[in-house]
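Commentary on secondary and tertiary structure
So the chains spell out like this:
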Amino acid sequence: MAESRIANFGAGPSALPESVLHEAAQSLLNFNGTGIGIAEISHRSKEFDIYIKETANLIREQLDVPSTHEILFMQGGGTGQFSAVVLNLLARHRLLHPDLPEQDRVLDYVLTGSWSKAAYTEATRLANGATVRIAADSRAHSADGKSFNGLPPHSAYAFSSDPALIYYCENETVSGTQFAGTEGTPASFPFHLLPKNPTSGLLPLVGDYSSSFMSRPIPRLADHAIIYAGAQKNLGPAGVTIIIVRQDCIVDVDAAYRIGGAPIPISLAYKPYADNDSMPNTPSVLAIYVSGLVLKRNKGLGGVSYYEEFNKRKQEKVYDVLREGDAKGVLKPKVREGEGSWMNIVFGVIGEGAEARFLAGAEKRGMKGLKGHRSVGGIRVSLYNSVTEEWTDQLVAYIREFIEVESKTPATAPVTEA
Ligand SMILES: Cc1ncc(COP(=O)(O)O)c(C=O)c1O
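Just so it is clear, the structure is predicted and the values come from calculations on it, not from any experiment.

Focus: the state of the cysteines
Scanning all chains against the criterion turns up zero disulfides. Among the cysteines around cysteine 169, which has no disulfide bond, cysteine 249 carries the closest sulfur, lying 19 Å off. Overall, the relative accessible area of 0% leaves cysteine 249 in the buried class.

Take a look at the structure:
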């Protein structure tokens, strides 16, 4: 059966390590010798209770999460967190500043692609009188003034002085831009420009790490109020969302409601999850289980520093061949040099029918999931942790072959027939 598996470059849900899938298959029948399968066992069982705590610890250890922050497992995905971060941080702000006029509660959003734009749109729905601002918008720095094809320059950021929330998306899965993993470079997130609260020194900084979680270390993790990620790209199956939240952001949302805040659905409030080891209700047992297996495997390999090296190599190979294709007039990068994602590389294929030929040729060679997001078209190569170097080499060899054929006889020699 394993032989019939193909190279999966899908953007998510995405590939998982084969060894993990084998182990999970066994556990579907019998989890940890209990005689009950992992999809059947009670989340209140002793065995699962131990497992979920171990899984949180694996994240803590590998990302070096300080004791100031809790690790929660919730449901609702990244989209649920678009709402949750607004509701919980507005409640926190109200408890800190009960008498502030509503419009003086400010939410700052950095827009770098369709996901941060979606988060911003949700904030405008839920703001309840608070002001939702754009602190920087990468479209303003594109040639046509409307494309998310790069990152804003540091000089373009204008943060509010004491916002309730500052939001950014570290890796834009659709437009293919990503903040650099090293600080102090033009493509890094401008941490040095953030307004620290004059009394507490704490930042209400929220990072959407949905499509880059565990792929390399997180810069300034301890300075974040909230980091979240759906599991379904780098970690496990869809159904569980990981939230790393600083303790001062786990607030009593009912207390905020009593002094005029919006009512908050209990499934989106962080406190019940923090108070009950992520189990105020039934969690995604199976998704947490598989994510735990992936995390154990990651640890054995060397954790995020291992993946940083591994993912760096893979993306370099793809960007190199993309540059070759660009020089030969066959491929067109969609993101400015140096601002592209390690996880999702997006480009166009030039010429009548060329994109379809590219995709058909890839599929014929056992490589799938390369079609760009429906909103932007083109090609998207997702290189998550479980995409092997062999798959990457296979794809790069195919792209090189495609460039050769297309650059010689663009319209007449489809590489699919090679
Ligand atoms: C960066 C980013 N944020 C948020 C989301 C939304 O996540 P979900 O589909 O889990 O709601 C996605 C989905 O792909 C994403 O890539």
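Here the narrative resumes.
Some remarks on the pattern of salt bridges
When their charged atoms lie close together, side chains carrying opposite charge are able to pair. A full pass over the atoms with the stated rule returns 30 salt bridges. The closest approach of N and O atoms between glutamate 324 and arginine 400, which form a salt bridge, is 2.8 Å. Taken together, the positions of glutamate 324 in helix 8 (residues 303-327) and arginine 400 in helix 10 (residues 389-408) put the pair 76 residues apart, joining distant regions of the chain. Lysine 408 is the partner of glutamate 404 in a salt bridge, and the nearest nitrogen-oxygen pair spans 3.4 Å.

Considering the UniProt feature "domain: Aminotransferase class V" (unreviewed entry) in the protein chain
The positions UniProt marks with the feature "domain: Aminotransferase class V" (unreviewed entry) are residues 8-394. The distance from the first to the last C-alpha atom of residues 8-394 is 12 Å, and the span holds 35% helix and 15% strand.

A closer look at the domain arrangement of the protein chain
When its domains are assigned, the protein chain resolves into domain 1 (26-299) and domain 2 (302-417). If you average the C-alpha positions of domain 1 and of domain 2, the two centres end up 30 Å apart. At the interface, 26 residues of domain 1 touch 24 residues of domain 2. Considering only the surface of domain 1 that becomes buried against domain 2, Asn149, Val174 and Arg216 emerge as the three largest contributors, covering 23% of it. Taken together, domain 1 and domain 2 are joined by 18 residue pairs in polar contact (both at pLDDT 80 or more). A total of three residues in the side of domain 1 that touches domain 2 trace back to one element, the largest contributor, which is helix 7 (residues 285-301). For the side of domain 1 that touches domain 2, a count of residues per class yields six nonpolar, 16 polar and four charged.

Regarding the packing of aromatic side chains
For the coordinates displayed, the defined rule picks out 21 aromatic pairs. Plain terms: the ring middles of tyrosine 168 and phenylalanine 189 are 4.0 Å apart, the flat faces sit at 25 degrees to each other, and that makes the pair stacked. A residue pair is termed long-range when its members are at least 10 positions apart, and tyrosine 168 in strand 5 (residues 165-169) and phenylalanine 189 in the loop between strand 5 and strand 6 (205-208) qualify at 21 residues. For tyrosine 168, a relative accessible area of 1% corresponds to the buried category. Relative accessible area serves as the criterion here: at 3%, phenylalanine 189 is assigned to the buried category. Taken together, a centroid distance of 5.8 Å and an interplanar angle of 80 degrees make the contact between tyrosine 307 and phenylalanine 310 edge-to-face. Here tyrosine 307 and its partner phenylalanine 310 are both found in helix 8, three residues apart, which amounts to about one turn of the helix. The burial state of tyrosine 307 is the same as that of phenylalanine 310; both residues are buried.

About the thresholds
Residues numbered from 1 in each chain as written. Predicted model: local features only at pLDDT ≥ 70, side-chain atom pairs only at ≥ 80, totals over all residues. Heavy atoms only, no water. Disulfide = S-S within 2.5 Å. Buried < 20%, exposed > 50% of the residue type's maximum accessible area, 1.4 Å probe, protein only. Salt bridge = Lys/Arg side-chain N within 4 Å of Asp/Glu carboxyl O. Helix = DSSP H or I, 4+ residues; strand = E, 2+ residues; numbered from the N terminus. UniProt positions renumbered as here; feature names shortened; annotations may be inferred. Domains from an automatic or database assignment. Contact = heavy atoms within 4.5 Å. Buried area = accessible area lost by both parts, 1.4 Å probe. Polar contact = N/O pair within 3.5 Å; in protein donor to acceptor, adjacent residues only side chain to side chain. Nonpolar A, V, L, I, M, F, W, Y, C, P; charged D, E, K, R; others polar. Phe/Tyr/Trp six-rings, centres within 6.5 Å; stacked < 30°, edge-to-face > 60°.

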